[in-house]
Amino acid sequence: MTVTITVNGADHALDVDPATPLLYVLRDDLELNGAKYGCGLGQCGACTVHIDGKPAFSCLTPVGAVAGRRIRTVEGLGSAEAPGLLQKAFEMEQAAQCGYCIAGMLMRAQALLDRNPDPDEAQIRAHMQTNLCRCGTHMRILRAIRRAVAMRKGVRAGVQAAQEVRP
């Protein structure tokens, strides 16, 4: 059966069983390898992607359920050459150790920042608790999210200051 999905703004018509987990389609058919297979049970978050702007476990989501919906993967946040703000913050805080969980962590954190650009510590912790890091870099990940918030505020403050200076 042909299923058409939109991933990172591009449409893909795929001949797949609609019950196939989205994770497998992303990795095997579209060669988007950011999302990882961790547990297959939706308990670790390594496979987290956005579906219509909300974080979702791609290992549990059948591809047939996302036809006509917007899917965003970590590849849609930026690249090595042009990383997104959150990716830069993760790099600056050295939030990745083995790197296995990081794509899912980035996607979960980005969903929070898209919804709430200025979350407090409790909101960050509550939102991130569903994703696990076996290496124990949780504290660096939390710092990276806080840094991204601060960087975003700095960018906004700089733009506002520049606009105020204009004649």
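For the structure, check the block above.
Please read all numbers here as calculations on a predicted model, not as lab measurements. By convention here, each chain's residues receive numbers from 1 onward along its written sequence. Given that the model is predicted, a residue must reach a pLDDT of at least 70 before its local features are reported, and side-chain atom pairs must reach 80 or more before they are shown or counted; all residues, however, enter totals for whole chains, interfaces and linings. Heavy atoms from the whole structure form the basis of all side-chain values; hydrogens and water molecules are not counted.

What follows deals with the overall build of the chain. Here a helix means four or more residues in a row that DSSP labels H or I, a strand means two or more in a row labelled E, and each is numbered from the N terminus. Helix and strand content of the chain: five helices and five strands. Note that the radius of gyration is over C-alpha atoms, with the globule rule given as 2.2 Å times the number of residues to the power 0.38. For the chain, the C-alpha radius of gyration of 17 Å lies close to 15 Å, the compact-globule estimate for 167 residues. Dimensions of the chain along its principal axes, counting C-alpha atoms only, are 60 × 40 × 30 Å. Accessible area is worked out with a 1.4 Å probe on protein chains only. A residue is then buried under 20% of its type maximum, exposed over 50%, and partly exposed in between. Counting all 167 residues of the chain, 40% fall into the buried class. Total accessible area computed for the chain in this model is approximately 8,900 Å², and 52% of it derives from carbon and sulfur atoms. Taking the average place of the 19 positive charges on the side chains of the chain and the average place of its 16 negative ones, the gap between the two points comes to 9 Å. Only the protein chains shown count as cover for residues, and all accessible areas are computed by the Shrake-Rupley method using a 1.4 Å probe. Charge counting follows a simple rule: Lys and Arg are positive, Asp and Glu are negative, and His as well as the terminal groups are ignored. Charged side chains are reduced to one point each, which is NZ for Lys, CZ for Arg, CG for Asp and CD for Glu.

Let's shift gears to the packing of helix α2 (residues 85-92) against helix α3 (residues 102-115). Running from amino to carboxyl end, α2 crosses α3 at an angle of 130°, the nearest separation of the two axes being 10 Å. What the angle tells us is that α2 and α3 run oblique. As for how α2 packs across α3, the hand of that crossing is right-handed. Contacts between α2 and α3 involve L86, Q87 and F90 on the former and, on the latter, I102, M105, L106, A109, Q110 and L113. Each residue is assigned to one of three groups, with Ala, Val, Leu, Ile, Met, Phe, Trp, Tyr, Cys and Pro labelled nonpolar, Asp, Glu, Lys and Arg labelled charged, and all others, Gly among them, labelled polar. Across the contact of α2 with α3, the residue classes tally to seven nonpolar, two polar and no charged. The axes are straight lines fitted to the C-alpha atoms, using for helices just the contacting stretch, and the angles between their N-to-C directions are given from 0 to 180°. Orientation categories follow fixed angle ranges, with anything under 35 degrees roughly parallel, anything over 145 roughly antiparallel, 65 to 115 roughly perpendicular, and all other angles oblique. Helix crossings get a hand from a simple test, with the near helix turned counterclockwise from the far one by less than a right angle marking a left-handed crossing and a clockwise turn marking a right-handed one. Working rule for contacts: check all heavy atoms of both residues, and any pair within 4.5 Å makes them a contact.

At least two bridges found by DSSP between two strands are what make those strands a pair. Strand order across the open sheet formed by five strands is β2-β1-β5-β3-β4, with mixed pairing between neighbours. Each end of this open sheet is capped by a strand with a single partner; those strands are β2 (10-15) and β4 (54-57). Strand after strand, the sheet turns through a mean of 40° between neighbouring axes, direction not considered. Looking at chain direction, strand β1 (residues 2-7) and β2 are connected through six bridges and run antiparallel. Each residue of the ladder has a partner; that of T6, found in β2, is D11. Sheet contacts for α3: β3 (48-51), β4 and β5 (70-72); angle to β3, the most-contacted strand, approximately 35°.

The subject of this paragraph is the side chain of Q87. Residue position: Q87 is located in helix α2. Two N or O atoms count as a polar contact when they lie within 3.5 Å, although within protein this holds only if one can serve as hydrogen donor and the other as acceptor, and sequence-adjacent residues are included solely when both atoms are side-chain atoms. Here G78 takes part through its backbone nitrogen, which lies 3.4 Å from a polar atom of the side chain of Q87. Apart from residues no more than four positions distant in its own chain, Q87 is found in contact with V74, L77, G78, S79 and L106.

Across four bridges, β3 lies against β4 in antiparallel orientation. Paired with V49 across the bridge in β4 is A56. What sits between β3 and β4 in their antiparallel hairpin is a turn of two residues, with D52 showing a positive phi close to 50°.

One side-chain nitrogen of Lys or Arg within 4 Å of one carboxyl oxygen of Asp or Glu is enough to make a salt bridge. Per the stated rule, a full pass over the model turns up eight salt bridges. Across the pair R72 and D114 runs a salt bridge, and its minimum N-O distance is 3.8 Å. A residue pair is termed long-range when its members are at least 10 positions apart, and R72 in strand β5 and D114 in helix α3 qualify at 42 residues. Under the relative-accessibility criterion, D114 is labelled partly exposed at 42%. Its salt-bridge partner being R143, residue E93 comes within 3.0 Å of it at the nearest N-O pair. Of this pair, E93 sits in the loop between α2 and α3 while R143 sits in helix α5 (residues 138-165), placing them 50 residues apart in sequence. Judged by its relative accessible area of 14%, E93 falls in the buried class.

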